[in-house]
Amino acid sequence: AAIAPAIAAATAPILALLVNITARQQNAVVMNPEDVLQPLQNAAGALPGAFPPTLHALNALTAAQLAVLLGHYGLPLNPTATRRVRFKQFVGIRP
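Residues numbered from 1 in each chain as written. Predicted model: local features only at pLDDT ≥ 70, side-chain atom pairs only at ≥ 80, totals over all residues. Heavy atoms only, no water.

(A) Representation of the environment of N42. In this structure, N42 sits in the loop between α1 (3-27) and α2 (55-59). Each C-alpha atom of the pair N42 and V29 lies 22 Å from the other, and the pair is 13 residues apart in sequence. In this view, N42 contacts A16, H72 and Y73; residues no more than four positions away in its chain are not counted. Within polar-contact distance, the side chain of N42 engages the backbone nitrogen of A44 at 3.0 Å. (Helix = DSSP H or I, 4+ residues; strand = E, 2+ residues; numbered from the N terminus. Contact = heavy atoms within 4.5 Å. Polar contact = N/O pair within 3.5 Å; in protein donor to acceptor, adjacent residues only side chain to side chain.)

Dropping the structure here:
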């Protein structure tokens, strides 16, 4: 019984990578402001509490909200000026 949590912890990053590949592929075709975004999991397999549901919502995030999302994924918070671009690239949105 003690092995099950260890296996789950060891496989969580692999499963998150697989889920995130699909999410990034879907986010790569987002073009319109109301297109739905697919959330990504962090390495532990957790989704953030406030992932933007659409491209419009992502573009409306404040620097503080972007910092929370970047932190959830373990991404650098600075420089502040590039937070949105960094987050978009991370989730698979094309420039």
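(B) Structural detail: the nonpolar core. If you look at the biggest cluster of nonpolar residues, it comprises 16 residues, and the most contacted ones within it are F87 and V91. For this core, the secondary-structure elements that each account for two or more residues are α2, α3 (63-72) and α4 (83-91). Leave out the neighbours within four places in its chain, and F87 touches F51, P52, L58, L66, L69, L70 and Y73. (Core = buried A, V, L, I, M, F, W, Y, C linked by side-chain atoms within 4.5 Å. Buried < 20%, exposed > 50% of the residue type's maximum accessible area, 1.4 Å probe, protein only.)

(C) Inspection of the packing of aromatic side chains at higher detail. Tallied over the entire structure, the rule returns 3 aromatic pairs. Their ring planes at 55° and their centres at 5.8 Å tell us that F51 and F87 sit as a pair that is tilted. With F51 in the loop between α1 and α2 and F87 in helix α4, this residue pair connects regions lying 36 residues apart in the sequence. In textbook terms, an aromatic cluster arises when at least three aromatic residues are bridged by ring pairs, as seen for F51, Y73, F87 and F90. The cationic tip of R24 hangs over the ring face of F90; the distance from NZ or CZ to the ring centre is 4.7 Å. (Phe/Tyr/Trp six-rings, centres within 6.5 Å; stacked < 30°, edge-to-face > 60°. Lys NZ or Arg CZ within 6 Å of the ring centre and 35° of its normal.)

Geometry only, nothing functional implied.
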